[in-house]
Amino acid sequence: MTVNSGWLSYVYSNNPAIQSAVIRRLDCGMVFVNGADLAPGSPFGGTKKSGIGREGGRFGIKEFLELKLVARPA
């Protein structure tokens, strides 16, 4: 089965090693573990047809910034 979207997933386990192993295999933008919720300012977004990029927090603003190198004489 192929899934064309990857917005969020939920993982329920009391074993941190299992949580990490499952999370590594998921192709999604957000993972909630054991019913956790978003904290204010958390990056929000998905993958694939759910959208690429993040909104909110410092990760969300990076998409709107351009890096500029400034070189001055020593």
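You'll find the structure just up there.
Residues numbered from 1 in each chain as written. Predicted model: local features only at pLDDT ≥ 70, side-chain atom pairs only at ≥ 80, totals over all residues. Heavy atoms only, no water.

1. Some remarks on the overall build of the chain
Next up, step 1: Scanning the chain for helices and strands turns up two helices and four strands.
Next up, step 2: Reading the secondary structure of the chain in the N-to-C direction produces β-β-α-β-β-α.
Next up, step 3: By the burial criterion, 19% of the 74 residues in the chain qualify as buried.
Next up, step 4: Accessible surface computed for the chain: about 6200 Å², of which carbon and sulfur atoms make up 58%. (Helix = DSSP H or I, 4+ residues; strand = E, 2+ residues; numbered from the N terminus. Buried < 20%, exposed > 50% of the residue type's maximum accessible area, 1.4 Å probe, protein only. Areas by Shrake-Rupley, 256 points an atom, 1.4 Å probe, with all protein chains shown as cover.)

2. Brief notes about the environment of Gly-46
Next up, step 1: Structurally, the position occupied by Gly-46 is in the loop between strand S3 (30-33) and strand S4 (47-48).
Next up, step 2: Sequence separation between Gly-46 and Gly-6 is 40 residues, and the spatial gap between their C-alpha atoms is 5.4 Å.

3. A look at unusual backbone geometry
Next up, step 1: With phi around 50°, Asn-34 is a residue other than glycine that occupies positive phi space.
Next up, step 2: Residue position: Asn-34 is located in the loop between S3 and S4.
Next up, step 3: For Asn-34, a relative accessible area of 37% puts it in the partly exposed group.

4. Examining the side chain of Ser-13
Next up, step 1: Mapped onto the elements, Ser-13 comes out in the loop between strand S2 (8-11) and helix H1 (16-25).
Next up, step 2: Filtering out sequence-adjacent residues up to four positions away, Ser-13 remains in contact with Ile-18, Gln-19 and Asn-34. (Contact = heavy atoms within 4.5 Å.)

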